[in-house]
Amino acid sequence: MGLMDQVGQAVGGLMGGQSGQNPLLQAVAGLLGKDSGIGGLAGLVAGFQKNGLGDLVNSWVGTGSNLPATPNQIEQGLGSDLLSQLAGKAGLSSGAASSQLAGLLPDLVDKLTPNGKVEAGGLDQLMKLVHGKLGA
């Protein structure tokens, strides 16, 4: 099993027991990697901010309650090209991917920013979170 598979399974476990075999979770885990092309977690957050959804994504990063996201906001924040890429990796339509990501991303970003700020290395943060949850 590769690193991205392990991360995908770990994300699934952290996200309330959703299947670690969920290909969309694995695609998101890859998105948070340093070499993802979007700049990891910081790039993901910046993309939402740049696309007019700063209040939304800042609620996920901050320590208060998370604003819910709609599938349309996910598409707007990620951009249709990136959403299509994630959907393709997961074997889903863009609409199905954006619907699932609307439920996934707020909690995932929240868990990756426990101090209310984005720190370098989204994948590194994810692995630390995983190791902490698993007691490693």
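Reference entry: report on the structure contained in this document. Since we're looking at a predicted model, the values are computed, not measured. (Residues numbered from 1 in each chain as written. Predicted model: local features only at pLDDT ≥ 70, side-chain atom pairs only at ≥ 80, totals over all residues. Heavy atoms only, no water.)

### Concerning the overall build of the protein chain
And step 1. Across its full length, the protein chain carries eight helices and zero strands.
And step 2. Expressed as a percentage of the 136 residues in the protein chain, the buried residues total 43%.
And step 3. Taking the intrachain contacts of the protein chain between residues at least 6 apart in sequence as the baseline, contacts between residues at least 24 apart amount to 59%.
And step 4. When the accessible surface of the protein chain is split by element, carbon and sulfur atoms take 50% of a total near 6,600 Å². (Helix = DSSP H or I, 4+ residues; strand = E, 2+ residues; numbered from the N terminus. Buried < 20%, exposed > 50% of the residue type's maximum accessible area, 1.4 Å probe, protein only. Contact = heavy atoms within 4.5 Å. Areas by Shrake-Rupley, 256 points an atom, 1.4 Å probe, with all protein chains shown as cover.)

### Description of the side chain of S98
And step 1. Among the structural elements, S98 can be located in helix α7 (residues 94–112).
And step 2. Looking at S98, the relative accessible area reads 5%, which means it is buried.
And step 3. Not counting residues within four places of it along the chain, the set of residues in contact with S98 comprises P71, I74 and L83.

### A few points about the side chain of T113
And step 1. Topologically, T113 is positioned in the loop between α7 and α8 (122–134).
And step 2. When near neighbours in sequence (up to four residues on either side) are disregarded, T113 contacts L41, W60, V61 and V118.

### Brief notes about the packing of helix α2 (residues 23–31) against α7
A pair of packed helices is characterised by two quantities: the angle between their axes and the separation of those axes.
And step 1. The geometry of α2 relative to α7 is characterised by a closest axis approach of 11 Å and an angle of 55° between their N-to-C directions. The angle between α2 and α7 places the two elements in the oblique class. In this structure, the crossing between α2 and α7 has a hand that is right-handed. Counted together, L24, L25 and V28 of α2 and A97, Q100, L101, L104, L105 and L108 of α7 form the full contact between these two elements.
And step 2. The class makeup of the residues in the contact of α2 with α7 is eight nonpolar, one polar and no charged. (Axes fitted to C-alpha atoms, helices over the stretch in contact; angles between N-to-C directions. Parallel < 35°, antiparallel > 145°, perpendicular 65-115°, else oblique. Left-handed = near helix turned anticlockwise from the far one by under 90°. Nonpolar A, V, L, I, M, F, W, Y, C, P; charged D, E, K, R; others polar.)

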